[in-house]
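# Descriptive structure summary
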Amino acid sequence: MALASSRSAAAAPATIRTSSFTCSRGQHISHRISVFLPSSGGSASSAVSCGLSNKSPRQATMHGVRAMAVAVKEEAGKTPLGLEVVETVEPNSRVRLNVKVPPSVCQDSYDQVLKEFSKQAKIPGFRPGKTVPDAVLINYIGPQQIRASAVEAVLKRTLPEAMSSVAGRALKESEHILTKFDDLQASFSPSLGLSYDVAVDVAPEVKWSSTSSYKNLRVTVEAPDDLAAQKAADAELLSRLKDLGSLQVAVGRGIEMGDVTIVDISATRLNEDGTPGDEILSCNQKGFQLDTEEGASFLPGFVEALIGLKQGQTHSFDLTFPQTWQQEALRGLLARFTAEVQELFVRVLPEIDDSIASQLCPNCTTISEVKDTLLKKHAEQIEQVKRQATQFAITQELSKIMDVDIPHSLLEEQGRQMYAAKLIELQASMKLSKEQVVSLSSQEMVQNFLISQKHRISDSVKQTLAVAEIFKLEDLKVSKEELETEVENAIAEFKHYNQEYDEERVKEQAKELLEGQKVLDWLKEHAEITYVTPQ
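A quick note: this is a predicted structure, and the numbers were derived from the prediction, not measured.

### Section: the overall build of the protein chain
Each helix and strand counted, the protein chain has 15 helices and 17 strands in total. When the accessible area of the protein chain is evaluated, it comes to approximately 29300 Å², of which 51% is carbon and sulfur surface.

The structure is reproduced here in structure tokens:
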């Protein structure tokens, strides 16, 4: 309902989750569930695992559009096959390799293709295993098919060696042959050389604003104050008491604070001249149960406007949605509400004594134990919120003091994983069917997300790269025991949720998780942190 505000601990800054590390167990679980998203190469869906897929969404292909980037540096070299490879550095941490294949390699590949076709082809008039003249074989198979197979053989043979010049720098599965395959096939001749271009993303270089900028971060964190846990525990105790209580019809009086009322509510926008405008459909409710003690959860002034109304009475009043309201479309909007009281109840709470302790909280025998249990629970929750808010503030500050030329492949991979995580969250909270998830996984939906959330995705990648760089610079370590424990916990979770997993990928992600947490702990220890209470 649009009248209710969703301000709660859950609305606190979320734990930073990136493709390289996760900072909370809860998000670590969701990061492991596979969601089907279409790859950028076509409309067909490909399985994109949230961190566990053996293959990334970036698949090498022989078909592409030639990049239109400006070269800033060139390097050339020879390889054992006699390839001439010219390396050109381009923006976004991409390298273009111009590969020139000598005629000897083309001829040898062509001869091997003919040899294989000769073994496999069943040509009328020739017994199996008998040598078939090249002209007859080519005519039977087709010259176009022969050339296509020869080009594929050349690429398969030369690409690994051509990529050796960027070994140790290239991002996994980011290579992309830019030259169109049809062009290679049309120009191929075994007696001539072959030339093609390959683009590959390389590990970007992290540049800090100063050499020690990350060592003395100053961050301000919005977090609940010391009394928040006690207030939350008291509120939950009251809520549990209400569950044990009863409602009695209030007779002969109007609504008072503490009452529960059933109301029909409608709302319209007010035009600048004060005349009613369109209905606000999200505010319209029939038979809405309203607890007047929960006024802080509703539009400011809404509960107060109902005080004094009796059963059967209708009242209209004007309220303005605050600029901090969750629904952006309603922020600052002046609206006219109409409320009709259908029923009115007074709540009767039970006497608070040890006799109801076990009803309030299982395994508790006294009210004192109930209060201690609830306080401990909320203290832990608020500490978690505070820890997550601190991590969020630190990683946000990191992105401000560093610069990096982010490869497009990293942006797309991270964006797809973020979208997959979003779908998982929706599926869990809204119980979406498989068909609904598939419809939300369309290429158009994914691309819209990548475009609309580009800045957020970029920040997430920057933070990931910064954390990885700090882990290396500060020579931080993850112990064998820590890694084994994390892997065991991760596998146990997979089994609990009946999810498939790849053990090697689990180990890899566990290592990334622990490394990320080590860095965040180190940064927190060396940072100057100021905690302020949210307004």
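Next comes the rest of the description.
### As for the UniProt feature "coiled-coil region" (unreviewed entry) in the protein chain
What UniProt calls "coiled-coil region" (unreviewed entry) maps, in this numbering, to residues 473-507. The span residues 473-507 is 66% helical and 0% strand by assignment, and the distance between its end C-alpha atoms comes to 23 Å.

### With respect to the packing of aromatic side chains
Remark: the centre distance and the inter-plane angle together describe each pair of aromatic rings, the angle taken between the planes. Under the criterion given, the structure shown has 11 aromatic pairs. With 5.8 Å between their ring centres and 75° between their planes, Phe-302 and Phe-337 make a pair best called edge-to-face. Of this pair, Phe-302 sits in helix α7 (residues 302-306) while Phe-337 sits in strand β15 (residues 334-348), and the two are 35 residues apart along the sequence. The residues Phe-302 and Phe-337 share a single accessibility class, namely buried. Taking the centre distance of 6.1 Å and the plane angle of 50° together, the rings of Phe-321 and Phe-337 count as tilted. Of this pair, Phe-321 sits in the loop between β14 (314-320) and β15 while Phe-337 sits in strand β15, and the two are 16 residues apart along the sequence. Among the aromatic residues, those joined into a ring-pair cluster are Phe-302, Phe-317, Phe-321, Trp-325 and Phe-337. Taking NZ or CZ as reference, Lys-386 lies 4.3 Å from the ring centre of Tyr-531, over its face.

### Focus on a negative patch on the surface
A contiguous patch of negative charge, built from Glu-351, Asp-353, Asp-354, Glu-369 and Asp-372, is present on the exposed surface. Here Glu-369 falls in the partly exposed class, since its relative accessible area comes to 33%.

### So, the nonpolar core
Trp-208, Tyr-214, Leu-398 and Leu-523 are the most contacted members of the largest nonpolar core, which totals 39 residues. Every element with two or more residues in this core is listed here: β9 (218-222), α9 (367-400), α10 (408-430), α12 (443-452), α13 (454-473) and α15 (503-526). Top element by residues in this core is α13. It accounts for 7 residues. With near-sequence residues (within four places) excluded, Trp-208 lies in contact with Ser-213, Tyr-214, Leu-398, Ile-401, Met-402, Ala-466, Glu-469, Ile-470 and Leu-473. Counting 34 residues, the second largest nonpolar core, distinct from the first, contains Leu-83, Leu-137, Phe-181 and Val-198.

### Let's talk about the side chain of Ser-399
Considering the arrangement of structural elements, one finds Ser-399 in helix α9. Given a relative accessible area of 9%, Ser-399 falls into the buried group.

### Considering the pattern of salt bridges
Tallying each qualifying case throughout the model produces 24 salt bridges. With its nearest N and O atoms 2.9 Å apart, the salt bridge here joins Arg-96 to Glu-90. For Lys-286, the salt bridge identified is with Asp-264, shortest N-O distance 4.0 Å. Of the two residues, Lys-286 is situated in strand β13 (residues 285-291) and Asp-264 in strand β11 (residues 260-270); the sequence distance between them amounts to 22 residues. The structure contains a network of salt bridges with shared partners spanning Lys-242, Asp-291, Glu-293 and Arg-347.

### Some words on the pairing of strand β4 (residues 84-90)
A large share of β4 lies buried, amounting to 5 of its 7 residues. Here β4 hands over to strand β5 (residues 94-101) after 3 residues, with Asn-92 in that stretch at a positive phi of 60°.

### A word on the side chain of Asp-264
Residue Asp-264 is classed as buried on the basis of its relative accessible area, which comes to 16%. A distance of 2.7 Å separates a polar atom in the side chain of Asp-264 from the backbone nitrogen of Gly-287. Separated by 2.9 Å, the side chains of Asp-264 and Gln-342 make a polar contact. Not counting chain neighbours up to four residues away, the residues in contact with Asp-264 comprise Gln-285, Lys-286, Gly-287, Thr-338, Ala-339, Glu-340 and Gln-342.

### Some details on the packing of α13 against α15
Here α13 crosses α15 at 80°, and the two axes come no closer than 9 Å. With respect to α15, the axis of α13 lies roughly perpendicular. Judged by residue contacts, Val-467, Ile-470 and Phe-471 of α13 engage Glu-515, Gly-516, Lys-518, Val-519 and Leu-523 from α15. Class assignment for the residues of the contact of α13 with α15 results in 5 nonpolar, 1 polar and 2 charged.

### Some details on the environment of Cys-364
Tracing the backbone through its elements, the reader meets Cys-364 in the loop between α8 (357-360) and α9. Taking C-alpha positions, Cys-364 is 9.0 Å from Asp-354, a pair spaced 10 residues apart along the chain. Those residues in contact with Cys-364, other than ones at most four positions away along the chain, are Ala-357, Ser-358, Glu-369, Val-370 and Thr-373.

### Side note on α13
Helix length check: α13, at 20 residues, gives a terminal C-alpha distance of 28 Å against a target of 28 Å (1.5 Å per residue), a fit within 8%. Most of α13 is tucked away: 14 of the 20 residues are buried. Of the residues trailing α13, Asp-475 is marked for its positive phi of about 55°.

### A closer look at unusual backbone geometry
The residue Asn-92 is not glycine, and still its phi comes out positive at about 60°. Here Asn-92 lies in the loop between β4 and β5. Positive phi, normally seen in glycine, also occurs at Glu-173, with a value near 60°. Looking at where Glu-173 falls in the secondary structure, it is placed in the loop between α4 (143-162) and β6 (176-177).

Rules of the game
- Residues numbered from 1 in each chain as written.
- Predicted model: local features only at pLDDT ≥ 70, side-chain atom pairs only at ≥ 80, totals over all residues.
- Heavy atoms only, no water.
- Helix = DSSP H or I, 4+ residues; strand = E, 2+ residues; numbered from the N terminus.
- Areas by Shrake-Rupley, 256 points an atom, 1.4 Å probe, with all protein chains shown as cover.
- UniProt positions renumbered as here; feature names shortened; annotations may be inferred.
- Phe/Tyr/Trp six-rings, centres within 6.5 Å; stacked < 30°, edge-to-face > 60°.
- Buried < 20%, exposed > 50% of the residue type's maximum accessible area, 1.4 Å probe, protein only.
- Lys NZ or Arg CZ within 6 Å of the ring centre and 35° of its normal.
- Patch = residues over 30% accessible without salt bridge, like charges linked within 9 Å, V, L, I, M, F, W, Y side chains within 5 Å.
- Salt bridge = Lys/Arg side-chain N within 4 Å of Asp/Glu carboxyl O.
- Lys, Arg positive; Asp, Glu negative; His and termini not counted.
- Charge placed at Lys NZ, Arg CZ, Asp CG, Glu CD.
- Core = buried A, V, L, I, M, F, W, Y, C linked by side-chain atoms within 4.5 Å.
- Contact = heavy atoms within 4.5 Å.
- Pairing = 2+ DSSP bridges.
- Polar contact = N/O pair within 3.5 Å; in protein donor to acceptor, adjacent residues only side chain to side chain.
- Axes fitted to C-alpha atoms, helices over the stretch in contact; angles between N-to-C directions.
- Parallel < 35°, antiparallel > 145°, perpendicular 65-115°, else oblique.
- Nonpolar A, V, L, I, M, F, W, Y, C, P; charged D, E, K, R; others polar.
- Expected span 1.5 Å × (residues − 1).

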